Number of protein chains: 2
Amino acid sequence: MRDANLLDELRQLLGPGGLSADREALTAHETDWSNWGRSQPLAVARPRTTEEVSRLLALCHRAGQAVVPQGGLTGFAGGAIPAGEALALSLERMTGVEEIDRDAATMTVKAGTTLQAAQDAAEAEGFLLALDLGARGSCQVGGNVSTNAGGNRVIRYGMTREQVLGLEAVLADGTVIDAMSKLIKDNAGFSLKHLFIGSEGALGVVTRIVFRLHALPPSQNVALVACSSFDDVLAMLRRARSAFGGRLTAYETMWRVFIEAAHEANAALRDPFPRERPCRVLIELRGEDEVRDRGDLEDFLAGQLEALPGTEAVVAQSGQECRELWSLRDSAGEITRRLGNLANLDVSIPIAHMGDFVERCRETLTRRWPAGRTVFFGHVGDGNVHVLFGSPDFPAGEKPGVEAAVYDLVQEYGGSIAAEHGIGRVKSAYLDRTRSAAEIALMRTLKRALDPKGILNPGAVLGPMS
Amino acid sequence: MRDANLLDELRQLLGPGGLSADREALTAHETDWSNWGRSQPLAVARPRTTEEVSRLLALCHRAGQAVVPQGGLTGFAGGAIPAGEALALSLERMTGVEEIDRDAATMTVKAGTTLQAAQDAAEAEGFLLALDLGARGSCQVGGNVSTNAGGNRVIRYGMTREQVLGLEAVLADGTVIDAMSKLIKDNAGFSLKHLFIGSEGALGVVTRIVFRLHALPPSQNVALVACSSFDDVLAMLRRARSAFGGRLTAYETMWRVFIEAAHEANAALRDPFPRERPCRVLIELRGEDEVRDRGDLEDFLAGQLEALPGTEAVVAQSGQECRELWSLRDSAGEITRRLGNLANLDVSIPIAHMGDFVERCRETLTRRWPAGRTVFFGHVGDGNVHVLFGSPDFPAGEKPGVEAAVYDLVQEYGGSIAAEHGIGRVKSAYLDRTRSAAEIALMRTLKRALDPKGILNPGAVLGPMS
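Residues numbered from 1 in each chain as written. Chains lettered and ligands numbered in written order. Predicted model: local features only at pLDDT ≥ 70, side-chain atom pairs only at ≥ 80, totals over all residues. Heavy atoms only, no water.

Q: Got a minute to help me understand the overall build of chain A in this structure?
A: Per the secondary structure count, chain A includes 16 helices and 18 strands. Relative to the compact-globule value of 23 Å for 466 residues, chain A shows a C-alpha radius of gyration of 23 Å, a close match. For the C-alpha atoms alone, the extent of chain A along its principal axes is close to 75 × 55 × 40 Å. By sequence separation, contacts in chain A at least 24 residues apart represent 72% of the contacts at least 6 residues apart. Accessible surface, chain A: about 16,300 Å² in total, of which carbon and sulfur atoms supply 48%. Taking the 50 positively charged and 60 negatively charged side chains of chain A as two groups, their mean positions are separated by 3 Å. (Helix = DSSP H or I, 4+ residues; strand = E, 2+ residues; numbered from the N terminus. Rg over C-alpha atoms; globule rule 2.2 N^0.38 Å. Contact = heavy atoms within 4.5 Å. Areas by Shrake-Rupley, 256 points an atom, 1.4 Å probe, with all protein chains shown as cover. Lys, Arg positive; Asp, Glu negative; His and termini not counted. Charge placed at Lys NZ, Arg CZ, Asp CG, Glu CD.)

And the structure:
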């Protein structure tokens with residue numbers, strides 16, 4: 001009865017095309033890339049303005065109706081799955097770059113804009129929107145902000161949070177928080193934007209964003225290095241940071257298991273080193289002068305070859321060769337597909353312990369599941385390692401066991417069970433592996449203060465509230 | 001009666017030297033550098049450990065006793081003044097660097113450590129703690145974090161917030177929130193650290209911090225440029241950002257009024273340009289190669305002299321000359337002292353409008369107070385301008401009028417009334433010039449959720465709560 005009234009009111013508010021309850025729309029909005037489960041939403045709402053989002057939430061708040069905000073549905077943590085017959089609130093009609101301010105070096109953009117569209121608009125004005133990730137063509141900037149997305153350039157530019165100068169968000173009761181500051185320095189009161197960044201839609205719905213932009217570095221240089229040990233990988237990282245400063249834009253590490261799997265996936269892969277070397281590192285520099293940076297990179301590597309016996313290196317001599325070296329790292333997608341039924345875990349470990357962690361993780365998993373196969377690779381400069389575990393005939397029912405085993409190890413090393421993918425629904429039961437009881441209690445205090453009826457993305461991040 | 005009991009309990013908890021109520025101690029803790037007012041605290045507590053802070057707050061919470069956290073007392077916003085007979089909670093005995101992790105490039109430090117001591121410890125290990133400000137020898141890192149201090153390197157490295165990977169804070173009821181993550185990527189639940197950064201001790205007491213460290217850039221180059229207009233200052237800023245990327249570490253602008261005041265303050269000042277040029281810009285590059293960076297800077301300026309008629313520039317050829325050029329900018333302290341009774345305002349303005357803002361601000365103030373004198377200078381790359389207004393015989397009673405006039409203009413331009421100095425007690429009555437009613441209401445919701453009895457730094461930031 002209540003729902004019928006509410007749907008009528010929403011239909012009236014949003015106009016034709018603004019609310020769908022047909023089979024096709026419901027199916028398209030029932031899950032994300034996590035493939036964790038499916039849940040049919042009550043309906044799919046597609047507001048066009050912040051005002052409509054505000055009025056929609058006010059109506060749902062009055063009715064006690066759960067609402068799950070949705071961006072491009074590219075998340076791996078199930079944070080956008082509309083569990084419990086929630087209303088799916090899609091931002092897909094709130095798109096467009098509103099302004100690029102060349103003096104302030106900022107971009108004002110609506111939350112439903114794809115990351116790729118925002119990147120392209122920045123580049124057309126000679127700027128870099130520093131956020132970048134594989135799903136760029138599908139993911140939306142509102143989702144990137146709500147999940148504090150990581151990606152390929154974190155070592156140089158930081159996470160999404162570091163790119164956000166201001167934002168607009170709508171609270172559970174429909175209150176609009178306009179914190180659209182373009183200011184780099186703004187210490188006037190508590191910082192509200194950080195409540196909404198990375199809280200996965202559980203504290204408010206992000207509707208507009210002011211991103212800071214960076215100068216577009218015109219040059220790119222890439223090297224691939226084979227190391228004899230993970231200790232050498234770390235020693236070289238320390239020296240690379242101090243040799244290159246802000247020019248170091250990637251320091252990606254692939255363990256031998258990754259290299260083997262990459263060669264199986266693609267026999268034509270260009271890889272200049274013997275397959276059995278323990279680690280590969282891809283180093284990327286972005287800067288203002290290509291020739292000079294290449295000379296610096298070559299000098300640096302000559303020093304490393306001398307200091308770290310057994311190290312080998314190649315430096316790309318053209319854009320084509322840069323792409324070829326990146327293609328080894330980019331095999332991750334193909335490896336994931338070939339591994340079959342899979343646990344795909346995204347964790348952070350204090351950098352000094354990453355080598356140990358990887359060894360113990362492999363040992364633990366292969367002892368318990370000898371048929372399974374483990375693959376490791378990661379953004380070592382950020383302490384982020386991706387753990388793939390699976391095989392074509394690995395029973396799906398074993399997945400929670402694999403997750404628990406890895407997260408127990410993460411806890412032992414003081415790491416995070418969610419480096420860049422968030423908690424969502426997939427990891428909410430494991431939050432206590434990485435957060436203390438006092439931290440979780442404070443998160444619940446915030447949730448109750450901002451969303452007392454618990455209508456915003458219920459179950460995400462914190463699990464059931466009572 | 002209640003207070004007597006509480007003081008006994010606190011004395012017992014903190015041991016000899018842990019609680020002082022003698023005249024000297026009370027006087028030393030009754031104000032800060034804002035010189036806004038004095039208020040004698042109930043007593044001065046000096047805990048040595050987080051556990052003691054926790055038990056102290058639990059006792060005060062039970063008793064409803066107000067507590068004002070104090071660092072080095074160098075704030076300009078009165079945020080550490082123990083109004084209303086609050087207990088002064090000084091962190092001065094919680095000092096020391098606990099660890100520098102060279103692999104993770106992090107530093108773990110207790111809140112009462114001076115910024116200078118933390119900087120020196122980082123530098124001794126070959127790292128840069130990017131936070132820097134004039135009060136470095138007196139201010140404490142806990143205060144820097146609680147106020148989200150800005151300073152000299154924001155254009156390259158961001159505010160204090162950007163340097164904090166993790167922290168430990170104690171809530172009003174004594175609950176310890178241990179969020180001492182060293183991880184760059186950590187998306188496990190709502191971000192709690194940002195609640196405590198920049199909230200001026202009103203939501204919790206910061207007790208320990210994990211800072212991220214940067215590679216120490218070995219080279220420094222400095223140029224001083226005279227520009228014909230503020231439009232030229234902005235045009236050159238855009239080009240400098242794209243020419244130098246991460247090497248641009250300062251872009252400080254001084255208006256003619258500043259230059260005149262600087263010459264009056266110091267006749268021996270080295271300044272190579274005719275005094276009447278409208279603007280000076282100090283450009284600093286930090287990088288890996290001094291000679292090469294100097295060549296880049298000279299090439300860049302040659303281009304600017306051609307593109308922007310009337311521009312003149314000098315490039316320092318030695319460390320000594322770098323210091324000489326900086327001394328012009330560093331005249332700010334001496335100018336402030338000489339101006340006498342003074343309004344010293346710290347605001348942010350969207351960069352494109354800074355030139356206009358300065359003109360209108362001067363006009364407005366000199367029309368109303370023809371006897372007063374206005375001086376402008378700022379971190380233009382960050383949108384931050386400092387407004388000094390005063391004269392030796394300017395009546396102190398006029399100060400609120402000056403503040404209101406400037407903040408009204410800031411509001412008109414969509415700026416912030418607190419760029420880097422915070423709100424504290426000095427600006428709490430003006431918070432509505434820069435934050436909407438909905439934002440202030442949400443801040444109050446947070447305050448009530450985290451500190452329901454209102455014992456933590458009452459009156460700071462939000463003014464009276466009821």
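Q: I tried to follow the packing of helix H14 (residues 354–368) of chain A against helix H15 (residues 399–412) of chain A on my own but got confused; where do I start?
A: The relative placement of two packed helices is expressed as an angle between their axes plus a distance between the axes. Residues and elements named next belong to chain A. The geometry of H14 relative to H15 is characterised by a closest axis approach of 10 Å and an angle of 150° between their N-to-C directions. Taken together, the axis directions place H14 and H15 in an arrangement best described as roughly antiparallel. Considering the relative orientation of H14 and H15, their crossing is right-handed. Facing H14, whose interface residues are Phe 357, Arg 360, Cys 361, Thr 364, Leu 365 and Arg 368, H15 presents Gly 401, Val 402, Ala 405, Val 406, Leu 409, Val 410 and Glu 412. Within the contact of H14 with H15, the residues separate by chemical class into 8 nonpolar, 2 polar and 3 charged. (Axes fitted to C-alpha atoms, helices over the stretch in contact; angles between N-to-C directions. Parallel < 35°, antiparallel > 145°, perpendicular 65-115°, else oblique. Left-handed = near helix turned anticlockwise from the far one by under 90°. Nonpolar A, V, L, I, M, F, W, Y, C, P; charged D, E, K, R; others polar.)

Q: Teacher, can you tell me more about the relation of the copies chain B and chain A here?
A: The second copy of the chain is related to the first by a rotation about an axis and a shift along the axis. Turning chain B through 180° and shifting it by 0.0 Å along the axis lays it on chain A, with an RMSD of 0.0 Å. What the superposition gives is, in effect, a two-fold axis relating one chain to the other. Among all residues of chain B, the one whose C-alpha sits closest to the rotation axis is B:Gly246, at a distance of 2.7 Å. When the interface residues of chain B are mapped onto chain A, 99% of them again lie at the interface, so the same face is used by both copies. (Least-squares fit on C-alpha atoms with pLDDT ≥ 70 in both.)

Q: What am I meant to see in the packing of aromatic side chains here?
A: Residues and elements named next belong to chain A. This structure, assessed with the given rule, holds 16 aromatic pairs over all chains. Geometrically, the ring pair formed by Trp 255 and Phe 376 is edge-to-face, given 6.4 Å between the ring centres and 65° between the ring planes. Taken together, the residues span a long stretch of sequence, with Trp 255 in strand S13 (residues 248–255) and Phe 376 in strand S17 (residues 373–379) at a distance of 121 residues. Judged on exposure class, the residue Trp 255 and its partner Phe 376 are both buried. (Phe/Tyr/Trp six-rings, centres within 6.5 Å; stacked < 30°, edge-to-face > 60°. Buried < 20%, exposed > 50% of the residue type's maximum accessible area, 1.4 Å probe, protein only.)

Q: Would you take a moment to explain unusual backbone geometry for this structure?
A: Trans peptide bonds make up the majority, and among non-glycine residues the majority have a negative phi. The phi dihedral of A:Glu200 is positive, around 55°, even though this residue is not glycine. Examined against the element boundaries, A:Glu200 turns out to sit in the loop between helix H8 (193–196) and strand S10 (205–212). Residue classification places A:Glu200 among the buried residues on the basis of a relative accessible area of 7%. The backbone phi angle of B:Leu73 is positive, close to 60°, even though this residue is not glycine. Within the fold, B:Leu73 resides in the loop between strand S3 (67–70) and strand S4 (87–90). Here B:Leu73 falls in the buried class, since its relative accessible area comes to 14%.

Q: What should I look at first to understand the sheet that holds strand S2 (residues 44–45) of chain B in this one?
A: Backbone-to-backbone hydrogen bonds join strands into a sheet, with any given pair of strands oriented parallel or antiparallel. Residues and elements named next belong to chain B. Taken in spatial order, the 4 strands of this open sheet run S1-S2-S4-S3, and their pairing is mixed. One side of each edge strand has no neighbouring strand; the edge strands of this open sheet are strand S1 (19–20) and S3. By the bridge criterion, 2 bridges tie S1 to S2 in an arrangement that is antiparallel. From the neighbouring strand, Leu 19 faces S2, where its bridge partner is Ala 45. Contacting S2, S3 and S4, helix H3 (residues 50–63) crosses the sheet at an angle of about 170° to S4. (Pairing = 2+ DSSP bridges.)

Q: Would you explain the sheet that holds strand S6 (residues 106–110) of chain B in this entry?
A: Residue and element names in this part refer to chain B. Here 5 strands make up an open sheet; going across it, the order is S5-S6-S10-S8-S9 and the pairing antiparallel. Lying at the two open borders of the sheet, with one neighbouring strand each, are strand S5 (97–101) and strand S9 (176–179). For this sheet the average axis-to-axis angle between neighbouring strands, irrespective of direction, equals 10°. Bridging between S5 and S6 involves 4 bridges; their strand directions are antiparallel. Bridge pairing in S6 links Asp 101 to Thr 106.

Q: I'm lost on the pattern of salt bridges in this one. Help?
A: Working definition: two side chains of opposite charge can pair if their charged atoms are close together. Tallying each qualifying case throughout the model produces 67 salt bridges over all chains. Here A:Arg435 makes a salt bridge to B:Asp186, at a shortest N to O gap of 2.8 Å. With one member in each of two chains, A:Arg435 in the loop between H15 and helix H16 (437–450) and B:Asp186 in the loop between S9 and helix H8 (193–196) form a pair that bridges those chains. The exposure class of A:Arg435 is buried, given its relative accessible area of 14%. B:Arg277 is paired through a salt bridge with B:Glu312; the nearest N and O atoms lie 2.3 Å apart. With B:Arg277 in the loop between helix H10 (256–265) and strand S14 (279–287) and B:Glu312 in strand S15 (residues 312–315), this residue pair connects regions lying 35 residues apart in the sequence. You can call B:Glu312 partly exposed: its relative accessible area is 31%. (Salt bridge = Lys/Arg side-chain N within 4 Å of Asp/Glu carboxyl O.)

Q: Before we go on, may I ask you to explain the pairing of strand S17 (residues 373–379) of chain B in this structure?
A: Along a regular strand, successive side chains alternate from one face of the sheet to the other. All names here are of chain B. Counting buried positions over the 7 residues of S17 gives 6, a clear majority of the element. Here strand S13 (residues 248–255) runs beside S17; their pairing, made up of 3 bridges, is antiparallel. From the neighbouring strand, Glu 252 faces S17, where its bridge partner is His 379. With 7 bridges joining them, S17 and strand S18 (residues 384–390) adopt antiparallel strand pairing. Counted as the bridge partner of Phe 377 is His 386 from S18. The hairpin formed by S17 and S18 contains 4 residues between the paired strands, and Gly 383 there has a positive phi angle of roughly 75°.

Q: Would you explain the confidence of the model for chain A in this entry?
A: A low pLDDT score tells you not to read the predicted coordinates there in detail. The predicted model of chain A averages 93 in pLDDT, with 99% of residues at 70 or higher. The ipTM for the predicted assembly is 0.94, set against a pTM of 0.94. (pLDDT = per-residue confidence, 0-100.)

Q: For this particular structure, what's the right way to read the nonpolar core?
A: Across soluble globular proteins, you tend to see nonpolar side chains buried next to one another. Among the nonpolar cores identified, the biggest contains 192 residues, and A:Ile283, A:Phe357, B:Ile283 and B:Phe357 are the most heavily contacted of them. The residues contacting B:Phe357, other than those within four sequence positions of it, are B:Val347, B:Ile349, B:Val385, B:Val387, B:Val406, B:Leu409, B:Val410 and B:Tyr413. (Core = buried A, V, L, I, M, F, W, Y, C linked by side-chain atoms within 4.5 Å.)

Q: Quick question: what am I supposed to make of the environment of A:Ala135 here?
A: Residues and elements named next belong to chain A. Examined against the element boundaries, Ala 135 turns out to sit in the loop between strand S7 (127–128) and helix H5 (141–147). According to the relative accessible area criterion, Ala 135 is buried, its value standing at 11%. As a C-alpha pair, Ala 135 and Gln 116 span 19 residues in sequence and 8.8 Å in three-dimensional space. Residues contacting Ala 135, with those up to four places away along its chain left out, are Trp 33 and Thr 74.

Q: Please clarify how the packing of H16(A) against helix H16 (residues 437–450) of chain B should be interpreted in this entry.
A: Contact geometry for H16(A) and H16(B): axes closest at 10 Å, N-to-C directions at 135°. In terms of orientation, H16(A) and H16(B) fall into the oblique class. In this structure, the crossing between H16(A) and H16(B) has a hand that is right-handed. Only B:Leu442, B:Thr445, B:Leu446, B:Ala449 and B:Leu450 of H16(B) make contact with H16(A), whose side of the interface consists of A:Leu442, A:Thr445, A:Leu446, A:Ala449 and A:Leu450.

Q: Please clarify how the interface of chain B and chain A should be interpreted in this entry.
A: How big an interface is tends to be reported as the loss of accessible area on association of its parts. Contact with chain B, which involves 81 residues of that partner, is made by 80 residues of chain A. Across the chain B to chain A interface the summed buried area is about 6,400 Å²; carbon plus sulfur atoms make up 61%. Our count for the contact surface shared by chain B and chain A stands at 12 salt bridges. Here A:Arg247 makes a salt bridge to B:Glu288, at a shortest N to O gap of 3.5 Å. There are 32 residue pairs in polar contact (both at pLDDT 80 or more) connecting chain B and chain A. Of all the secondary-structure elements, those providing two or more residues to the side of chain B that touches chain A are helix H6 (154–157), helix H7 (160–163), S9, H8, helix H9 (230–244), helix H11 (290–307) and H16 of chain B. In terms of residue count, H16(B) provides more of the side of chain B that touches chain A than any other element does, 9 residues in total. (Buried area = accessible area lost by both parts, 1.4 Å probe. Polar contact = N/O pair within 3.5 Å; in protein donor to acceptor, adjacent residues only side chain to side chain.)

Q: Sorry, what's going on with the side chain of A:Asn384 here?
A: Position of A:Asn384 relative to the elements: it lies in strand S18 (residues 384–390). Separated by 3.0 Å, the side chain of A:Asn384 and the backbone oxygen of A:Val347 make a polar contact.

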